[in-house]
Amino acid sequence: MDKRALSAIPRPALTDKNKEMPLLVSNMCYLATASRQEIGGNDTLIINFFRKEEKKLNPAFRTFCQMDDYITQDLSTDRTKWKTGAIDYLTGYLYWHRNSGNIVIASVAEREVILSFLQDFRRTHGIDDQQRAIPHGAVVDSEVENRIDEYQGVIKEWKLQARHKKEKAEIDQHMEKFGELPADYEQFVKETVFSSENYIFYSRPKERAYCSKCGHDFELRRDGLYHKKIAIWNDTDQVKHNRTVRCPYCNSFLMCKSEGMGRQSLFAIQWSVLVQKYGDEVLVRYFCHTKDFRIDFRNPRIESSERFRTVHTVEKSIDFEWCRFKSTQDLRWCYLTNKSYGCCQPSEMNVPRSTVLYNTDLLETVAGTCMKYSAVDIYIDKVVQNDQFLNKPWCIDWYFNSYRENPYLEQFLKIGFYKLTQAVLKDYDCPKFKNGRTILETLQVSKLQFNMLRGIGDPSVRDVRILQYAKEIRQEDFDILRYVHDDEYDRMYEKYLDMRRYTTVYKLKKYIDKQRIFHDRDYFDYIRWLEEMGYDMRNEFNLYPKDFKKAHDDKSKEYTRFKDKQAKEDEKRFKRLLAKLRKETEDVDAMDLKTYGMFIRLPKELDELKREGETLHHCVGTYRDRVAKGDTMIFFIRLESDPDQPFYTLEWKGRVIQCRGFKNCDMTPEVKAFVNIFQEKMMEYEEKPLKRRKVG
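Calculation rules
Residues numbered from 1 in each chain as written. Predicted model: local features only at pLDDT ≥ 70, side-chain atom pairs only at ≥ 80, totals over all residues. Heavy atoms only, no water. pLDDT = per-residue confidence, 0-100. Contact = heavy atoms within 4.5 Å. Pairing = 2+ DSSP bridges. Helix = DSSP H or I, 4+ residues; strand = E, 2+ residues; numbered from the N terminus. Axes fitted to C-alpha atoms, helices over the stretch in contact; angles between N-to-C directions. Salt bridge = Lys/Arg side-chain N within 4 Å of Asp/Glu carboxyl O. Buried < 20%, exposed > 50% of the residue type's maximum accessible area, 1.4 Å probe, protein only. Phe/Tyr/Trp six-rings, centres within 6.5 Å; stacked < 30°, edge-to-face > 60°. Parallel < 35°, antiparallel > 145°, perpendicular 65-115°, else oblique. Left-handed = near helix turned anticlockwise from the far one by under 90°.

Asks: What's the story with the confidence of the model for the chain in this structure? I'm lost.
Replies: Keep in mind that low pLDDT regions are not for reading the predicted coordinates in detail. Overall, the prediction assigns the chain a mean pLDDT of 88, with 93% of residues at 70 or greater. Scored below 50 in pLDDT, residues 96–100 shows 17 contacts in the model against residues more than four places distant or in partner chains.

Asks: Where do I start with the sheet that holds strand 1 (residues 30–39) in this structure?
Replies: To summarise the sheet geometry, strands pair through backbone hydrogen bonds and adopt either a parallel or an antiparallel arrangement. Pairing is mixed in the open sheet, where 6 strands are placed in the order 5-4-3-2-1-6. Sheet topology places strand 5 (82–83) and strand 6 (103–105) at the edges, where each strand pairs with a single neighbour. Direction of pairing for strand 2 (residues 42–53) relative to strand 3 (residues 56–65): antiparallel, over a ladder of 9 bridges. Paired with lysine 52 across the two strands is leucine 57, which belongs to strand 3. Contacts between helix 5 (residues 108–124) and the sheet are confined to strand 1, strand 2, strand 3 and strand 6, with strand 1 contributing the most and set at about 50° to the helix.

Asks: What should I look at first to understand the sheet that holds strand 21 (residues 598–601) in this one?
Replies: A sheet is described by the order of its strands in space; here 5 strands give the open sequence 20-21-22-23-24, paired in antiparallel fashion. In this open sheet, the two edge strands, each paired with only one partner strand, are strand 20 (594–595) and strand 24 (656–660). Two elements, strand 20 and strand 21, share 2 bridges in a ladder whose sense is antiparallel. Bridged to lysine 594 within strand 21 is phenylalanine 599. Most of the contacts of helix 22 (residues 607–616) go to strand 22 (residues 633–639), to which it runs at about 55°, and overall it touches strand 21, strand 22, strand 23 (648–652) and strand 24. Here helix 24 (residues 669–686) sits on the sheet in contact with strand 20, strand 21, strand 22, strand 23 and strand 24, set at roughly 30° to strand 23.

Asks: I tried to follow the pattern of salt bridges on my own but got confused; where do I start?
Replies: Two side chains bearing opposite charge may form a pair once their charged atoms approach each other closely. Taken as a whole and judged by the stated rule, the model has 38 salt bridges. Notably, a salt bridge pairs glutamate 112 with arginine 111, separated by 2.8 Å at the nearest N-O pair. Here arginine 111 falls in the buried class, since its relative accessible area comes to 2%. A salt bridge links glutamate 219 to arginine 221; the nearest nitrogen and oxygen atoms lie 3.1 Å apart.

Asks: Would you take a moment to explain the packing of aromatic side chains for this structure?
Replies: With the rule as written, the count across this model stands at 42 aromatic pairs. Taken together, a centroid distance of 5.1 Å and an interplanar angle of 45° make the contact between tyrosine 185 and tyrosine 358 tilted. Taken as a pair, tyrosine 185 in helix 7 (residues 185–193) and tyrosine 358 in the loop between strand 19 (356–357) and helix 8 (362–365) lie far apart in primary sequence, 173 residues in all. Taken individually, tyrosine 185 and tyrosine 358 each receive the classification buried, so the pair is uniform in this respect. Measuring from centroid to centroid gives 5.2 Å for phenylalanine 308 and tryptophan 394, while their planes differ by 85°, and the two rings are edge-to-face.

Asks: How should I be thinking about unusual backbone geometry in this particular structure?
Replies: Residue asparagine 251 is not a glycine yet carries a positive backbone phi of 60°. With respect to the helices and strands, asparagine 251 occurs in the loop between strand 12 (244–246) and strand 13 (253–258). The phi angle at asparagine 664 is positive, at roughly 65°, despite the residue not being glycine.

Asks: I would appreciate a short explanation of the pairing of strand 16 (residues 301–312) in the present structure.
Replies: Successive residues of a regular strand alternate their side chains across the two faces of the sheet. Summarising the sheet, strand 15 (residues 281–292) and strand 16 pair through 11 bridges and their orientation is antiparallel. Bridging from a neighbouring strand, tyrosine 286 pairs with phenylalanine 308 of strand 16. Summarising the sheet, strand 16 and strand 17 (residues 317–324) pair through 5 bridges and their orientation is antiparallel. Across the sheet, the residue bridging to histidine 312 is serine 317, located in strand 17. The antiparallel hairpin formed by strand 16 and strand 17 contains 4 residues in its connecting segment.

Asks: How do you make sense of the packing of helix 14 (residues 447–456) against helix 15 (residues 461–470) when you look at a structure like this?
Replies: A packed helix pair is summarised by two numbers, namely the angle formed by the two axes and the spacing between the axes. It is the contact of helix 14 with helix 15, at a shortest axis distance of 11 Å, that shows an interaxial angle of 160°. In terms of orientation, helix 14 lies roughly antiparallel with respect to helix 15. Once helix 14 is placed against helix 15, the crossing between them reads as right-handed. On the side of helix 14, the interface is formed by Gln449, Met452, Leu453 and Ile456, while helix 15 contributes Asp463, Val464 and Leu467.

Asks: What is the right way to look at the environment of tryptophan 158 in this model?
Replies: Of note, tryptophan 158 is situated in helix 6 (residues 142–175). When the C-alpha atoms of tryptophan 158 and phenylalanine 400 are compared, they prove to be 39 Å apart, with 242 residues separating the residues in sequence. With residues up to four places along the chain from it excluded, the contact list for tryptophan 158 reads Met67, Asp68, Phe121 and His125.

Set out below in structure tokens:
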């Protein structure tokens, strides 16, 4: 539709008669007027809607209806704004005369204009015209509603079909890339996918047994299984229902099943995955296979169906699923919306829980594609097989997607850093490695440090973190720190390395072991106390006391007294600052501000900040040091109805920095208006040349 031509149509105006309609129809919500004209060569129906507000009608929107489309212009704003919703949605699902709502057509003539256009629409597009009983002369009736709903419903269906057609065409274009299955795929399913789904079926009355894996018949004697023609037998295992015995021909250990017992449970489900290529793209296909022994155990029925497909390109991956297309009954390939099914998976017939890989040489398969350097063969062989977390049905897609974002995974795999690869794929406490040209750039370590990692063989993320944090480190220190246990969330190796400014890692570790310090954190707390109290940290008498437990307890008491004294000094400094502020602001309008049922005040003591933070569950309690030093200032906003209860906390530093309520919630409109008034008055105060303060 030509929106430019539509918006050029003058906006509708109400006649005097229209303005009287709210008085005539008490339960009216909207008044609708209509006209029909040619716009841009198209026959167009214009329906204008006016919303009733109190006893006045205000323009709401107007809908332009043409033979192939409709669109709505918002009339509540001077700016041209378009909407695509249907009329029943735009009117709040009031419909025409339901749910205590009412849309009134201005006149019978305008009603006929609407119905005439909709009649022509049905005739033009060959839509069956079902006759309805219409109360002639009625201003409000269901006929207009039904006809407009029908008109907009047909057009919405056309648009939906057009979108579906476009989406299907895109999907079909991708599906053309998938060719035939390998010639031996059926044999692969039978021998490899279902290699563990075989049994030895036996019948004692008929003295026979059958191995479903090798397909050979045996004589069942009292002492075991014997082949009829070949001199092979198994007379050591007793044949019994649900007991595992060895097949004398293929040497497979299989469970025995009596022919006389029910076979309803002998229905197996397995999945396989096939990797192929199309140009520089990689195709991954997932198949669901079933093996059914229930009808004929000698000829179990094996059925296969392809359920999922993925196309990997240089930029992205696209997933598909064989299912019903959206809300239609069309069974076909569709875009897959979610490949992660969480802990509660649906039936294994729908989603795999494990897969068997067909490709024996993935490197050759992906040669010449966007994944040619991915080293996916090493990933499957060395990482997936040894990690239960990564050994999932989608592991190949998972790796390709990770490799696309982190090409350095190729470097890790080719030099044998499998633990680092696992950490990147799991994304658990893993540093952000760079996509460097060399492994040194990727790991952000020196050549000497890289040789230390190579000496380990398969280093962990923690090993890399130690070297990255240390910058420079001796091999002996590195060997020590690798076996230092971290304490909960603290990385103890960082604290050891930080201590190199006073001593060596070797001496420190030796002292901690000798003193039998169970928690390394206790020692580093002791060092922090000494640093804050100003002790000489170069003095080994302070670093390494002969009796650490006694020194720790003594310094703990001394540090407590030191902090208490410091807190008292901070409190005195804060009170001096507070007294100065009160004196300077005694004539400031902002401090006497009372509006919206709120007022504002300064804290009475430093500890009040802590209580404020605990009550409102935010971090203002940590601001005590900054407030005591005069670096910032905190104000409390209180309700006049409950002046002692914390409500909102405001930080001021030449302007309002932040204002937070319970659990850091943002300001309500009333609080925001109050804070704006406070800021204006404070800014007026700040601009006075003789009223300069340290705060802000």
